[in-house]
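# Chain and residue survey
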Amino acid sequence: MEANHVLDCKGLQCPIPLIQTKRTVERLSVNEILELHTTDPGALQDIPVWARANGHTIVKQQTDGLTYRFWIKKGRRED
């Protein structure tokens, strides 16, 4: 899946990956995709909950060893 922007949050702990994700998605246009890489296990719950609450969609989620990857499609609702 091709992303419009990749955000590397590996090595950062909660809440930093979520804060950086929010800031990055705010700069995207509707329907653009952010690819997030994080090693924070809390992101497995935090990122999908935040995305749904803010009108965004997790179009793909993958775990590669200790790295969690999310592809987040920006929705129409503003954060």
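Check the entry above for the structure.
Here's a quick rundown of the structure.

Within the structure shown, the criterion is met by four salt bridges. For Lys 10, the salt bridge identified is with Asp 8, shortest N-O distance 3.3 Å. On the basis of relative accessible area, Lys 10 is assigned to the partly exposed category, the value being 38%. Asp 8 gets classed as partly exposed once you look at its relative accessible area, which sits at 46%. For Glu 35, the salt bridge goes to Arg 69, with nearest N and O atoms at 2.9 Å. With Glu 35 in strand S2 (residues 33-38) and Arg 69 in strand S4 (residues 67-73), this residue pair connects regions lying 34 residues apart in the sequence. The exposure class assigned to Glu 35 is buried, which follows from its relative accessible area of 9%.

Right, let's talk about helix H1 (residues 16-27) for a bit. Three or four residues apart is the spacing at which side chains of an α-helix point the same way, because the helix has 3.6 residues per turn. Taking 1.5 Å of rise per residue, twelve residues should cover 16 Å, and H1 covers 17 Å from first to last C-alpha, within 8% of that figure. Within the span of H1, buried status applies to Pro 17, Thr 21, Thr 24 and Val 25. Projected down its long axis, H1 shows its buried positions confined to an angular sector of 100°, all on one face. Exposed positions of H1 whose direction lies more than 90 degrees from the buried face are Arg 23 and Arg 27.

Thresholds applied
- Residues numbered from 1 in each chain as written.
- Predicted model: local features only at pLDDT ≥ 70, side-chain atom pairs only at ≥ 80, totals over all residues.
- Heavy atoms only, no water.
- Salt bridge = Lys/Arg side-chain N within 4 Å of Asp/Glu carboxyl O.
- Buried < 20%, exposed > 50% of the residue type's maximum accessible area, 1.4 Å probe, protein only.
- Helix = DSSP H or I, 4+ residues; strand = E, 2+ residues; numbered from the N terminus.
- Expected span 1.5 Å × (residues − 1).
- Arc of directions from axis to C-beta.

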